[in-house]
Structure formats: structure tokens, C-alpha cells
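# Architecture and fold: a report
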Amino acid sequence: MENVVGDRVLIAVQAVNISRLSTHPVPTVPGTLIVVAGAGPKDSNGAGKSSFIASITALLGDEQWRFASGAKAVSELLFNAELASGAGGKQWASADHGYIVGVFGPPGADADLAALDPGAPAADDDEGVSGELISAEMETGELFQVPTGGAVTVWLRVNQEAPHLEVRWREGVHLAAAASEAERVARADDMWNALPKSAGRRDVVARDLTKVLYGDRVRCVSFLSTSVRSKVATNLLSQPLNEITPERVFEAIAALTGLDTELEQEREARRDEHAKRVRAAQAGERLAEFEAESKALLTTFDRRDQARVRLAEALRCWRGRQARKLADAAAKDELLAAESARHQEAAEKAITAISMVKAEIATLKDDTLDRKVGEARKELAALQARAAKLDADRAVAANSADELRGQIPALEETRRFADGRDVPAAEREVGEARLRLNEALKGLGVADREVASAQAALDDAEGGPAAAQLNALSAAGLDATGLLDALDVAEQARDHAHDPGPEGLVLAGLRGWPNEHAVIVDADRLEAAAAALAGLPGSVLVSSAGVSVVGAFDGVATGREARIKAAEHRLNRAKDTQESATQAVHDAEGSVAQAQRRLEGARAAVRLAEIEARLAERRAKLAELTAAVEEVTPKVAETERLAGSLDFRARTRDMEIERMEGRRQRHEGERDQANEQDRRVAADREALKLGALAADWGGTADGAREWIEALPEEERPRGADEWWRMAERHFDQAQRDTFPEEDAEVPEELAFLLAERAGSTAREQATFAAVCGALASYLRGQEEYEKHQRRQIEAQVDSRQRDLAAADKGAEEAAQSTAVHRAALTAAIKARLTRVAEEFDKLDTGYGGYGATLEFPVPPPPADPEQRWQWRVTPKWRRGDGQGFVPYNRRANTALMDEKAVKLVCAAAIASSGGGHLCLVLDELGRNLGKEHRREAVALFRRIGETYGITVIGALQDDMEPYAIDACGQYIKLRRSSDAMPYNEPPVIIGHDQHAERVRALASYVERPAS
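All chains use their own residue numbering, which begins from 1 and follows the written sequence. For a predicted model such as this one, the threshold for reporting local features is a pLDDT of at least 70, and the threshold for listing and counting side-chain atom pairs is 80 or more; totals across whole chains, interfaces and linings nevertheless cover every residue. The side-chain quantities take in all heavy atoms of the structure and omit both hydrogens and water.

All right, on to the overall build of the protein then. What counts as a helix is a DSSP run of H or I of at least four residues, what counts as a strand is a run of E of at least two, and both are numbered from the N terminus. Helix and strand content of the protein: 24 helices and 21 strands. A 1.4 Å probe rolled over the protein chains alone gives each residue an accessible area, and that area as a share of the maximum for its type sets the label: buried under 20%, exposed over 50%, partly exposed in between. When the 1011 residues of the protein are sorted by exposure, 45% land in the buried category. Sequence separation of at least 24 residues holds for 76% of the intrachain contacts in the protein that already meet a minimum separation of 6. Working note: accessible area of the protein is about 51,300 Å², and carbon and sulfur atoms make up 50% of it. We call two residues in contact whenever any of their non-hydrogen atoms come within 4.5 Å of each other. Note that accessible areas follow from Shrake-Rupley with a 1.4 Å probe, and for residues the cover is restricted to the protein chains shown.

What follows is the structure, given as C-alpha cells:
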């Protein structure tokens, strides 16, 4: 089934679980301008205008949704709780499916309408009879009616998962009508399940939507500049027209007229042509490569045939080597047999001589003399060991005595410091000297403290008395003088302490309170001075009004010069005392050192006595050891003489035995030499391996001689080595012919044998027969395969030549097809753009202009098959009668640019309609229009739409609303008062239509202010 909707026009839309749109049905007035405004929480944003118009484009089959690819982007229109409100993710659930329902009715229906009473029940949506009502429940529950004779209701189910779009329809009006949003949502699911499946056992899906519903006719073109779709076409109304490049102007017109699909088809044709050309090139490359590979294979096969010939010659040479070796070995074996008999006879004679010599040696070897020699040597060893031990002990005693004598001079030198004192007396003198040193150190400490105290007193006297008080008064701005600085006292009076002074003050020593801290101030500044000295307790203020005491201490001597002299005198006495104490410490330290030396001398005397006693003991021991050595020396000499005599006799006997042994060894050598020569001859005969050679030859030595005699005259003299070199040379050539490449794949057995024979000639000869057999076996196995391969190569060359011819023909046909398609597309684009230019001119001359056109040169096709064929469209218009066309990007006033943009969009929409009803959907309507031209532009949209039967649906912002509400054919306002509300409130709809009944049905909602 195709073109279900046919010529019907959209007269109502209902959205269920689509964005935040309410489920109230929204009637639409076809063939006029319908503006969609919004009232969000702050402004028009957030009311769902873009989602509303986007759902209409999906319902009407706008190709920008990519229906052929499944239209996955439509699922993004479903209600998302997280985006609907701030807390939506916790209070609401996102929708996994929703519905876009459209009612299509016959154009120009004039049936009477009557408003139903508020609260009247909704029509039964399941009855598919004529005269049904489209029911739209407003915020008060009232219903209004729209004629639906011959209507059809299309349901689009939008799914989060694939299939993202499913389509069902039914004759009549079938909308979800109920008293609340939740009931309408539930009602929508029930109605969908009740609708029959549109394709028998299954539903129509996205890829067949436009064909089934609209018969592949363009029913909707749109400019959606929001994020509701992945592809956003260039909007000619979103910015000044002169800021849009000619390439983007063409993209916009192509999107409005459906040319972008045809351009995509042209690109697919170029891709196909390119792919076929690539396949043709690949077929040629494969043929050339196969011919090269086949040539290499045929060459290999020829080389292997030659290898078979060479391998046969190598085996013949190998047999000649075997025959020559067997014949030569047999002749040599006869000579070696005679030589072996001579060696055996010499060995028997040597064995007889050896027996006679052994008997004489046994007679000489008697052990009596050997026993005597052993006893003498044992006794001599014992005496020598004793003498050696005595010598060692005597040397140790002598060394010990020498060490003790070496210590005596130093101890005698140290003993003189004792001055006749013993150790206890010396220790007492050291203790007494240390006590005197400690007393001297204490006196020095007292003297040091007295010097420090006297120095401090001198510093204090020179700094002046009452210094702290004078500084405090000076800081307070008060004049004052120290009392002690102002008094001069006689020298003899300073030694008297505690004598009453003038005005009741007490003089105590050289320093003290209160005189030291007393200051003289004016009587009228006494109180201020007392306040300034409050932080210095013990201060004394003297004035003509009396004495004020802040604190009290002992008195001090008066007179600054006298105090300084007294302090200097005290310091001098203290320094003298310090010098005396220092000298006393020095003398005491000398006494301690002298006493310590005497103690060391007394201890050295004790040590010297001990060493002299030990030295006497060592001397006595040394005398004993010397006597013992003198006693054992004659015994050692006598025993040594006896042992020497016995040794001489034993050596004479041994010399005779050695002479006899020499004769025996000479005879044994002759025997061994004969035996060795015999063994060598036997080994040589064994090495000839006559049995193995005969087995390798496969016959007897006589047979080998006969085979050699049968050879041509030039081959008879060849030796075994020459036969081997020729056989090896033929085999190597056969191997190279069989495996010409170094990295050729060699059979496992042959590779193993070749690896085993490498390294030495012996291994090569031992494995020659086996490796020739393995190579011959491989060549026999390859012979049939090579014959088959030769036949296969001939067949493959023929087949690949046919494939190349077919690929070349396919590439030529694809190039011709692409050229034809491009020519047809060029003609179609030019025709479509020509029609757009004609409609553009009609609209311009019909609505206040002087004529307009489009300039669109045909661009060359791109070389890259992936690159889009880029066209350029330059709108032009006349600015006065009789004038030439001026390009759109020349400087012009804003009103003119806005007017031409509106006309160009409408011209493209008219050209794409094909004579049928068309819906033009625009987002952000008039956003770029100046304030003074907005009303005219909106009115122009309406007049063009009503003139050409185009339904223009445009979403607008707040600033466009005052201009659009009076100039449009229908006004729809979507409302949402708070961000906390996930769904919209019921919409406000105002209709301007020639049908008075419809206007009256909507009158109550027109007059009711939006809340």
C-alpha cells in the first residue's frame, strides 16, 4: 500500500510522551501561516516549541530525519525526566516510547461545527465512522469539534530502542481523549494496541514511511536550527542573507527541494564508478601478477625436470665411487693380511724373553736387607726429632731472656723519679697535691666572680644612677635630675653607712635604695612624674614640695665621681686577688705533676724487681737445655752412619734389579710394538669395511672389478674421490634446480638430511644415498602435481583474461552510467533551480519587487568519489524598473534582504511541492528580521501560504510575538510556568479562518488570557 494520506491535509496533531509537550490535541489550519509561541518559566525558552515543530516534520516525512537509516534521531524527542525538570530524574521516569498522532482531512471541508457543552463526553475513538469529532480537552475540560469526513488518523510510535519508528493508521479520527494527562497516556497505549498492523503481520517502519504515507511525494520541508536533529540545514532566515555563501544558499535550496538526496545518489554513482575502476585495475594487476607467478612456476617446473636428469647422473657417479672403493679396498686388504702375520711372530719371541728376565728379578728381591734399613731409619728419625725439639726449646728460652733484658734499662730510668719513695707514700703525696689544686681552683673562682661584680659596679656608676627613671620621665616630656648626680659628699663621709641625710634620706654604702633611684623634679610636675614612673616601683621623687616614694630600697653613696672612684678601687683589688689565685692554681698543678712522676718511679721499681726474678729463671732453664743437646748429638751421628751403610747396600741391589727391569721392559716394548702393529693392521683392515662396501655395492669385489672394466676407456682410471666430486656436483646442481630460492620450503625429511650432512665430507658421503633418495622421492611426488599445475595455469590465464575484459567493460559502463546520471542530475538540478528562480521572480514581482532570479553555473564534478558535488547559487534581483540584476551580496538595506530571503524560502518550497499540499516548517521565525520589518515579513509568509496552498509553521521568540499574532492565520502558544513542572500546561490556540464556526469554537480560548 502506498500514498495512504493522499491529498489530505494535516488538521490536528497530538503528542504523547514527546518532550515536555502536553497530550492535548492541537488543531491546525492548513494553507496559512501558523506561528508557535512559548511561555516558559522565564521567557519563551523551555516551552517545547522546537520539539513541537520537530514532531510535525517527523510526522510529515521530512527527509532530513534520515528515514532510510532508521531515523534514530527521532527517539531523542521522547520525554527525558532529567532534562524536563531539575528534580525530574528522581520524581519522574523517562519515556521508553511515545506517540506522534496526526489527523489528515480533505482540503476545503466546510461542514458545520457546533461547540459542545463543557464536560460533554468525548467521542468514541475506536469507531471508524464518518462524522467523528477531533476532541481537544483544554484546561477546563471543554471540547471543541472539527469536521472529519473522509479523515484518516496516522499514529507514529517513537521507540527508544530499534525500530525507532513504527507506523499504523486507520480511517476516521482516533485520538487519545481522557480527563487527565496520565489517562491520555494510558489511553494512547490501548489505542495503539487496538489499531491494525499496517503491513499485515508487522508494522511499517522508518525506511518505508514516506513511500507508504505520501507516495514519495514531498510533504514537508524545514529549517530546524536547534539541536533536535543531528543534521542542521542552512537556514536562510537565521542570519542576514548577504552573510550566507553561495554554497550554503544552494544547500538550503537543495534541502527544501529534495536535491540533496539526488546529489547523494550522484555521489553514490561516482563511488560505484570508482569502485569498478579500482576492480578493473585490480583485475589487471592480478592478471599481471598471476602471469609473473605462472612464469616463475613454469620456470621452476623446467628446472625440476633438469634436476631429475642431474640426480640420475649423480646416482651413477655414486655407484662408480662405490665400485672403485670396493675394488681398491679388496687389493689393500690382501697386503695388510701378510703384514699382520709377520707382527704376530715377533710378538711371540718377545714374550719368551720376558719370562726369563722375571725369574732373575724374583731371586734378587729378598726383604731381609729392607727390614734392617727400615729399623735404622726409624731410630735415626726418633733421635733427630728429639734433638730438634731441644734446639727449639733452647731458642725459645734465649728469646724470652733477651726480651726481659730489653725492658730493664727503661725501668731503671723511670725508677730514679721515685726519690726513694715507695708506692703507698707516692700515692699519698698525689692525693695531697690534688687537694691543694682543688682549693686553689675554688679561690680562683671566687676571685673571678669578684672581678665581674666590681666591673658591673663600675659600669653602673659610669652609666649614672636612676637611669631607668630618667629615661621614663624624658619619654613623658618631664625634666629631671638624679639625686646622687646632684650631690657631692666628702670622701670621708662615704664610709659611714646608714647616716640620716638631708630631708630624711638614708645613705647606705656606695649604692642602694632610695638614693640610687631618686630623681629631682619640679613641685608642680610631681604628679605627672609619679604617673610616668608607675611602671618602675621603688622610684623616689624629690621636689620642693617634699619626697614621694614609689618603693623603697637600701641607700647608696652620693656623688657620681666618688662612686666611680670607689668602683675602680674595688675592681683593682679584685684583679690583684684574681692574679694571686691564678698563680696558686699554677703552682698546685706543678705539684700534682711532680707527685705523679714520683708515683710512676715507685711503680717502675716494683716492676724491675719482678723482671729480674723471671730473667734468673730463664737462664737456669737455658743451661739445662744446652746440656741435653750436647748429650743427644753423638747418638744421632752414630745412628746416621749405620743407616747410610745399609742404604748403600740396598741401592746396589736396586741398581741390579733396575738393570733387569730394563731388559724386561725392552722385551715388553718389542712385544707391545708387535701387538700394536698387528692391531693397527687389523684396524686398517677393519677400516676398509669390505662387508659394508660390498653391501653398498650390492655384490662382490670381483663384480665391482668387472663393472669398472666395462666402463668407457676415459672413465676407468677415475678414483673414488673423483667419482665423489662428480656425484656431489651433479647432486648440488639437482638440488639448486629443485629449490632455486634460498628460502624455499624444503620437505622436512630432506631438510633434516641436508642439515645432518653439513659440516664434513664424511657426513656428506654417509648421507648421500639417503639424501638422493629423499630428493628423488620428492621429485617423483611433484611430477604429477607439476603436470596438473601446467594445465591449471593455462586455464587460469584464460579465466583471468576474461575477468579483466569484463572488469574493463564494467568500468566503462559505470563511467557511461555516471556520466548519464550526472547529465540527468545536472538537467534536474538546473530545472529545479530554474523553477525556483521562476517562482522567486513571480513572488518578487507579485509582492512589491521588480523581479528576481538565481544564477547557478554548473560546477565540474569532484575527482574524489567521497566529496560532495558542490554547487553555487547566487540570488539576484532588480532594484528598479529596467535595471539589471544585482547579486544578493551587494550592500542593501536590511528590509530588502529580509524580504528577499522570505521570498526565496517560499519559492523553494513552492518549487518542491510538485503541485500538492506542502508544509514549510521554520524554527526561530524572524530572528534576524529588523523590528520595523517583522510584521511585513510575517504577513508575506501568510499571503504566500494562502495563495499557493502552503502551510507555513514557524516557531518564534518573545520579541516576534507582537508582530506575528495579528498577521498569522493561526496562533499556538505552548505554556510551562515553572521549572519544577515536567509537562506543559494546556496550549492556547487562536485561529483565523474563513470558517466562522471554527472561530466560534475557539473564541473562549482566544479571549481567555494566558496564565
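The next subject is the nonpolar core. In plain words, nonpolar cores are sets of buried Ala, Val, Leu, Ile, Met, Phe, Trp, Tyr and Cys residues tied together by side-chain atoms within 4.5 Å. Of all hydrophobic cores here, the largest spans 60 residues; its most connected members are I253, L854, L920 and F941. Considering each element in turn, this core owes the most residues, twelve residues, to helix α20 (residues 894–913). Other than its neighbours up to four places away in sequence, I253 contacts L833, V836, L854, V873, L904 and A908.

What follows concerns the environment of D672. Tracing the sequence through the fold places D672 in helix α13 (residues 560–688). What makes D672 partly exposed here is its relative accessible area of 37%. With 321 residues separating them in the primary sequence, D672 and I351 have C-alpha atoms 9.6 Å apart.

Another point: the pairing of strand β5 (residues 152–159). The element β5 is largely enclosed, with a buried count of eight among its eight residues. Side chains of β5 alternate between two faces, with V152, V154, L156 and V158 and T153, W155, R157 and N159 buried alike. Pairing of strand β4 (residues 97–105) with β5 involves eight bridges; the strand directions are antiparallel. Its bridge partner being in β5, V101 is matched across the sheet by W155. What sits between the antiparallel neighbours β5 and strand β6 (residues 165–171) is a turn of five residues. In this scheme, strands are said to pair when DSSP sees at least two bridges between them.

Once that is clear, we can look at the pattern of salt bridges. For this analysis, a salt bridge means a side-chain nitrogen from Lys or Arg found within 4 Å of a carboxyl oxygen belonging to Asp or Glu. Enumeration according to the criterion identifies 31 salt bridges in this entry. The residue E427 makes a salt bridge to R603 at a minimum N-O spacing of 3.5 Å. Remark: R603 occurs in helix α13 and E427 occurs in helix α9 (residues 423–463); sequence separation between them is 176 residues. Residue class for E427 comes out partly exposed when judged on its relative accessible area of 40%. A salt bridge links D684 to R680; the nearest nitrogen and oxygen atoms lie 3.6 Å apart. On the criterion of helical spacing, the pair formed by D684 and R680 is a turn pair, its members being four residues apart in helix α13. Taken together, the shared-partner salt bridges in this structure form one network comprising E313, R316, E715 and R718.

Let's shift gears to the sheet that holds strand β21 (residues 985–991). Pairing within the open sheet is mixed, and its six strands lie in the order β8-β18-β19-β3-β20-β21. Among the strands making up the open sheet, the edge pair consists of β8 (220–223) and β21. On average, each strand axis in the sheet is inclined to that of its neighbour by 15 degrees, with strand direction left out of account. Note: strand β20 (residues 970–975) against β21, five bridges, orientation antiparallel. What sits directly across from Y971, in β21, is I990. Only C-alpha atoms enter the line fits that serve as axes; for helices the fit covers just the stretch in contact. Angles between N-to-C directions range over 0 to 180 degrees.

A separate point is the confidence of the model for the protein. Looking at the protein, the pLDDT average stands at 76 and 82% of residues meet or exceed 70. Looking over the protein, one finds the lowest element-wise mean pLDDT in helix α24 (residues 1003–1007), namely 38, and the highest in β5, namely 94. The score called pLDDT rates the predictor's confidence residue by residue, from a low of 0 to a high of 100. Per-residue pLDDT stays below 50 along residues 109–148; that stretch engages in 94 contacts with residues further than four places along the chain or on separate chains. Note on residues 552–558: pLDDT under 50 across the span, and 43 contacts to partners over four residues away in sequence or across chains.

Looking only at helix α17 (residues 748–757), the buried set comprises L750, L753, L754 and R757. The buried residues of α17 occupy one face: seen down the axis, they fall within an arc of 100 degrees. Exposed residues lying more than 90 degrees from the buried face of α17 are E748, F752 and A755. Backbone geometry just downstream of α17 places G759 in the positive-phi region, at approximately 115 degrees. Read the arc as the range of directions from the helix axis to the C-beta atoms.

Quick look at the environment of L750 now. You can see L750 is positioned in helix α17. Taking the C-alpha atoms as reference, L750 lies 8.8 Å from A770; in sequence the two are 20 residues apart. Among all residues touching L750, those that are not within four sequence positions of it are F739, V771, A774 and L775.

Taken together, four strands build an open sheet; the order of strands is β9-β12-β13-β14 and the sheet is mixed. The open sheet has two edge strands, β9 (481–482) and β14 (546–549), and neither has a second partner. Where β9 meets strand β12 (residues 518–520), two bridges bridge the pair, whose relative direction is antiparallel. Bridge pairing in β12 places T481 opposite I520.

This brings us to the state of the cysteines. Sulfur atoms of two cysteines make up a disulfide when they are within 2.5 Å. Counted according to the given criterion, the structure contains zero disulfides. The cysteine C220 is free of any disulfide, with C919 supplying the nearest cysteine sulfur at 5.0 Å.

Glancing now at the packing of aromatic side chains. The criterion for an aromatic pair is that two Phe, Tyr or Trp rings (for Trp, the six-membered ring) have centres within 6.5 Å, with stacked assigned to planes under 30 degrees apart, edge-to-face to planes over 60 apart and tilted to the rest. Enumeration according to the criterion identifies nine aromatic pairs in this entry. With centroids separated by 5.8 Å and ring planes inclined at 45 degrees, the aromatic side chains of Y99 and W192 adopt a geometry described as tilted. With Y99 in strand β4 and W192 in helix α4 (residues 181–194), the pair connects residues that are 93 residues apart, well separated along the chain. There is no split in this pair, since Y99 and W192 are both buried. Aromatic pair F104 and Y214: ring centres 6.3 Å apart, planes at 65 degrees, arrangement edge-to-face. Of the two residues, F104 sits in strand β4 while Y214 sits in helix α5 (residues 209–214), which places them 110 residues apart along the sequence.

Before going further, it helps to spend a moment on unusual backbone geometry. Note: most residues except glycine have negative phi, and most peptide bonds are trans. Residue P163 is bonded to the preceding A162 through a cis peptide linkage, with omega at 0 degrees. Considering the arrangement of structural elements, one finds P163 in the loop between β5 and β6. Located in the positive-phi region is N17, a residue other than glycine, with phi close to 60 degrees. Mapped onto the elements, N17 comes out in the loop between β1 (9–16) and β2 (26–27). When its relative accessible area of 13% is taken as the criterion, N17 is described as buried. Although it is not a glycine, S19 adopts a positive phi angle of roughly 50 degrees. As for its placement among the helices and strands, S19 is situated in the loop between β1 and β2.

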